[in-house]
Every structure is written in structure tokens, then in C-alpha cells.
Amino acid sequence: MKASLLHIFQEMHRRQRPRSPVPDLMVEFFPFANVNNTIRLRDGRILVRISDLLETAPESVLRAIAHILVAKLYRKPITPSHAARYRQYVASHRLSAKVHLIRQMRGRKRIASPHGDVYDLDQIFDDLNQRFFHGLLGRPQMTWSQDHARNHLGHFDPAHNTIVVSRIFDRKKVPRFVLEYLVYHEMLHLKHPVKLKGTRRCVHGAEFQAEEKLFPQVEEAKRIIRAL
Ligand SMILES: [Zn+2]
């Protein structure tokens, strides 16, 4: 925490409530996923969290944030010049690019690695590509999910050309063929783009289903996946 940040908040507090003593203040930069700042009063202490994206902001911006947050806490009007200064800074190109970058790293769609603790998704893909597709499919970005989601076991995202596999498959107790079946299914999505039949989206069409049956242990794999 910048010492000056605390002083800025103390000063802004004195300006807005000149007749009351400044309460204990705790101010910290916090890694929110986007530009977010919070202020709370708890047990007579004021707790402030400033987005760490603003850590390098000039002092005038920090003063503007301090003013806005203190005003918010006491439901006082916000001085337009402070509001404008803060808005202008957040809207500035440099900051929005930084937010975008951090979102990519922290957000849901962060691109993780194909290398898990047990399995390497690139290897699994290349192997299946040779065995079932004559090596003809271009390998998309293969990535393990960040969390251990059970509702989203695997998924092909055509917009990002990415196959995401839930980390619950990156375990020794999961047989390789089970993970292979899951990746194979996603590879069929790669091969058979979603078609529109009238207005209905056809995700697992007849050809898709026929080809899925070519995977040797499809039923056993499905059974194990249901039990995971
Ligand atoms: Zn599917």
C-alpha cells in the first residue's frame, strides 16, 4: 500500500466531514477482475479496496477515487470535476487495454496450457488425429479448464478455435481412453460444424452420431464419465 494513498483518503474524509474525526482507515490495492473499488464501514473502521489496475494512476485520479468513495459512503453529492477525472482515466485507452489483458488472464476464458499433471492434451489430440482422422484435422488451441467444472466436461469453442477439457479428467484414476473419448467427441464438433436445419441448430447430427460410434469403448467411456 502506498502511504500517500492513506493520506489522500484521510484528507478527502476531512474535506467532506470537517467536523468529525477521521476514523481508522484501511486502504489496499486489490486484484479485482476489472476496475472496481469498494468502501465499507465496519466496527467504526473504514475499509477501502482499490483495483490494482489503478496502482499506477496519477495522484489526481487517486484523489478523485477517494473523493467518490467517501461521498458514496456518506451519501453525499460527488463533485463533477472528480467524477470527470476518474471517468476520463478509466476510459483512457491505456487502461482499457490493461483491463482486457488482465481479464484474459484472470477471467473465465483465460488460455491455459495443454499440459496437465497427468495428460498432455496436444498429444491426445495428435494421437486421435492419426488414429481416426488420417491426421487431417488442424489442431486447435487445447486447454485444460481452470476449475474442476462438472457441468462443462468438454467443449469446442469455434470462435476461439479452442477445445477446453475439464480438469477433472487430468487424474491418474481417469483411464486414458475416457479422456480420449471426450476429446474425440470435441474433435467431431471440429469436423462437423453446427448446421442449421430450418431454424433448428443441429449439434449432434446423424453423421456425427454415426462417427462417434466408431470410437471403440464409447459405451464404457460414457459410463465412467457419468460416474465421475
Ligand atoms: Zn457435443
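Everything numeric in this text was worked out from a predicted model, so none of it was measured.

Draft legend 1. Representation of the coordination of the zinc ion. Surrounding the zinc ion are the protein donor atoms His185 (NE2), His189 (NE2) and His204 (NE2), at 2.0 to 2.1 Å. Summarised as a motif, the one-chain spacing of the donors to the zinc ion is H-x3-H-x14-H. Here the residue His185 occupies a position in helix H6 (residues 176–191), and His204 occupies one in the loop between strand E8 (200–202) and helix H7 (206–212), the gap between them amounting to 19 residues.

Draft legend 2. Region of the structure containing the packing of aromatic side chains. On inspection of all chains with the given rule, the structure shows five aromatic pairs. Ring geometry for Phe132 and Tyr184: centres 4.8 Å apart, planes at 50°, overall tilted. With Phe132 in helix H5 (residues 121–133) and Tyr184 in helix H6, this pair connects stretches of sequence that are 52 residues apart. Tyr184 gets classed as buried once you look at its relative accessible area, which sits at 1%. Following the ring pairs from residue to residue traces out a cluster consisting of Phe132, Phe133, Tyr181, Tyr184 and Phe215. One Lys or Arg, Arg17, reaches over the ring of Tyr74 and ends 4.0 Å from the middle of that ring.

Draft legend 3. Molecular detail of the nonpolar core. Of all hydrophobic cores here, the largest spans 30 residues; its most connected members are Val165, Phe169, Leu179, Val183 and Met187. Contributing elements (two or more residues each) for this core: H5, strand E4 (141–144), strand E6 (162–165), H6 and helix H8 (218–227). Contact partners of Val183, with chain neighbours within four places excluded, come to Leu121, Ile124, Leu128, Met142 and Val165. Leu25, Leu62, Val70 and Leu73 belong to the second largest nonpolar core, which has 25 residues in total.

Draft legend 4. Region of interest: unusual backbone geometry. One non-glycine residue, Arg75, adopts positive backbone phi at about 50°. In this structure, Arg75 sits in the loop between helix H2 (59–73) and helix H3 (80–91). The exposure class of Arg75 is exposed, given its relative accessible area of 77%. For His134, which is not glycine, the phi torsion reads 55° and is therefore positive.

Draft legend 5. Quick look at the pairing of strand E5 (residues 154–157). The pairing of E5 with E6 spans four bridges and is antiparallel. When the bridges of E6 are listed, Gly154 appears paired with Val165. A loop of four residues connects E5 with E6, the two strands running antiparallel in sequence, and Asn161 in this loop sits at a positive phi of about 45°.

Draft legend 6. Looking closely at the pattern of salt bridges. Enumeration according to the criterion identifies 13 salt bridges in this entry. One salt bridge connects Glu28 with Arg49, and the closest N-O pair in it is separated by 2.7 Å. Placement of the pair is Glu28 in strand E1 (residues 24–30) and Arg49 in strand E3 (residues 45–51), with a sequence separation of 21 residues. The partly exposed category is assigned to Glu28, whose relative accessible area is 24%. Taking relative accessible area as the criterion, Arg49 reaches 30% and is therefore assigned partly exposed. Connected through shared salt-bridge partners, Glu11, Arg15, Glu59 and Arg63 make up one network.

What counts, and at which threshold
- Residues numbered from 1 in each chain as written.
- Predicted model: local features only at pLDDT ≥ 70, side-chain atom pairs only at ≥ 80, totals over all residues.
- Heavy atoms only, no water.
- Donors = N, O, S within 2.8 Å, 3.2 Å for Na, K, Ca; no water.
- Helix = DSSP H or I, 4+ residues; strand = E, 2+ residues; numbered from the N terminus.
- Phe/Tyr/Trp six-rings, centres within 6.5 Å; stacked < 30°, edge-to-face > 60°.
- Buried < 20%, exposed > 50% of the residue type's maximum accessible area, 1.4 Å probe, protein only.
- Lys NZ or Arg CZ within 6 Å of the ring centre and 35° of its normal.
- Core = buried A, V, L, I, M, F, W, Y, C linked by side-chain atoms within 4.5 Å.
- Contact = heavy atoms within 4.5 Å.
- Pairing = 2+ DSSP bridges.
- Salt bridge = Lys/Arg side-chain N within 4 Å of Asp/Glu carboxyl O.

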